[in-house]
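Coordinate analysis (summary)
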Amino acid sequence: HHLFEQQADRTPDRIAVTFADQTLTYRQLDQRANQLAHQLRDWGIKPDTLVGVCMARSLEMVIALYGILKAGAAFVPLDPDYPNERLRFMCEDANAAVVLTQADLCDKLQTLNLNGRIVALDQLDLTGQSAERLDGGVSAENLAYVIYTSGSTGQPKGVMNTHRGIVNRLLWMQDAFGLNESDRVLQKTPYSFDVSVWEFFWPLQNGARLVVAKPNGHLDSDYLCRLI
């Protein structure tokens, strides 16, 4: 997220993310993620705390991922299409202190009787929070995200990934493929899969634009062709 912040300082007014007919500039994404980070810190979120994200693709999803990292925490993708038992197991296993979601998914999560706070980000008023960056106290060895395996050989297992690991991957990708400000990157991989991580973070470290596909758009090849 520090690499994203450096890019936001270089190109604050460039469009960073598009979703359908909605857009966010680098400055807007940075500031909204900062406000969420301040709110998470107010709730006691700190480095290596796990925060669940149960959302359909949207601008809120992108804000959530960046805001969690800015707060120093790590995100846990919780695909809303997963069966309830899998979602309940993942939340309990991760001991997620907060689960960020959307209003139309709150009822589903409430039925799981989770211990953590459930917050609909699309209804959360963050206007009282500072848009300034904060020091999340995170190091290269802190967790950035935890993604669960399929569980096809038993119980799903949370795979813990550090900032050092993902930054190493992203810097290699940039060295090999060299995105620039004229590029567009399509975010179509379900965020419960590791491939999605470079889709969300690589383009916005290099001035490119992230184009977020509609929910379940990855299942519709005609839609993807038109969007591309």
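Above this text you will find the structure in question.
As the structure is a computational prediction, the values presented were derived from the model and not from experiment. (Residues numbered from 1 in each chain as written. Predicted model: local features only at pLDDT ≥ 70, side-chain atom pairs only at ≥ 80, totals over all residues. Heavy atoms only, no water.)

Moving on: the overall build of the protein. Helix and strand counts for the protein stand at eight helices and 10 strands. When the 228 residues of the protein are sorted by exposure, 53% land in the buried category. Of the contacts made within the protein by residues no fewer than 6 positions apart, 69% connect residues no fewer than 24 positions apart. Approximately 10700 Å² of the protein is accessible, and the part contributed by carbon and sulfur atoms is 48%. Both charge centroids of the protein, one from 21 positive and one from 27 negative side chains, sit 2 Å from each other. (Helix = DSSP H or I, 4+ residues; strand = E, 2+ residues; numbered from the N terminus. Buried < 20%, exposed > 50% of the residue type's maximum accessible area, 1.4 Å probe, protein only. Contact = heavy atoms within 4.5 Å. Areas by Shrake-Rupley, 256 points an atom, 1.4 Å probe, with all protein chains shown as cover. Lys, Arg positive; Asp, Glu negative; His and termini not counted. Charge placed at Lys NZ, Arg CZ, Asp CG, Glu CD.)

Looking now at helix α6 (residues 163–177). The end-to-end C-alpha distance of α6, which contains 15 residues, comes to 21 Å, matching closely the 21 Å that a straight helix rising 1.5 Å per residue would cover. When we look at burial in α6, the residues that qualify are His-163, Ile-166, Leu-170, Met-173 and Gln-174. Buried residues along α6 cover an arc of 105° about the axis, so they all sit on one side. Those residues of α6 that are exposed and aimed more than 90 degrees away from the buried face are Asn-168 and Asp-175. (Expected span 1.5 Å × (residues − 1). Arc of directions from axis to C-beta.)

Ordered by their spatial adjacency, four strands build an open sheet running β2-β1-β10-β9, and the pairing between neighbours is mixed. Every other strand in the sheet has two partners, leaving β2 (22–25) and β9 (184–187) as the edge strands with one partner each. When the angles between neighbouring strand axes are averaged without regard to direction, this sheet yields 20°. Pairing of strand β1 (residues 15–19) with strand β10 (residues 209–212), which is carried by three bridges, proceeds in the parallel orientation. When the bridges of β10 are listed, Thr-18 appears paired with Val-211. The strands touched by helix α2 (residues 26–42) within the sheet are β1 and β2, with β2 carrying the most contacts at an inclination of about 85°. (Pairing = 2+ DSSP bridges. Axes fitted to C-alpha atoms, helices over the stretch in contact; angles between N-to-C directions.)

Right, let's talk about the pairing of strand β4 (residues 74–77) for a bit. The side-chain alternation of β4 yields two buried faces, one formed by Ala-74 and Val-76 and the other by Phe-75 and Pro-77. Relative to β4, strand β3 (residues 50–54) is paired through four bridges, and the arrangement is parallel. Across the sheet, residue Val-51 finds its bridge partner in β4, namely Phe-75. One crossover worth recording links β3 to the parallel β4 by way of helix α3 (residues 59–70), and it is right-handed. (Right-handed = clockwise from strand over helix to strand, strands pointing away.)

Applying the stated criterion across every chain, the model contains nine aromatic pairs. Taking the centre distance of 5.5 Å and the plane angle of 20° together, the rings of Phe-75 and Tyr-145 count as stacked. In this pair, Phe-75 is assigned in strand β4 and Tyr-145 in strand β7 (residues 143–148), connecting sequence segments 70 residues apart. A centroid spacing of 6.0 Å and a plane angle of 85° characterise the contact between Trp-172 and Phe-177, whose relative ring orientation is edge-to-face. (Phe/Tyr/Trp six-rings, centres within 6.5 Å; stacked < 30°, edge-to-face > 60°.)

Once that is clear, we can look at the side chain of Gln-129. For Gln-129, the position within the fold is in the loop between β6 (117–120) and β7. In this structure the side chain of Gln-129 is engaged in a polar contact, spanning 2.9 Å, whose partner is the side chain of Asp-42. Excluding anything up to four places from it in sequence, Gln-129 contacts Gln-35, His-38, Gln-39 and Asp-42. (Polar contact = N/O pair within 3.5 Å; in protein donor to acceptor, adjacent residues only side chain to side chain.)

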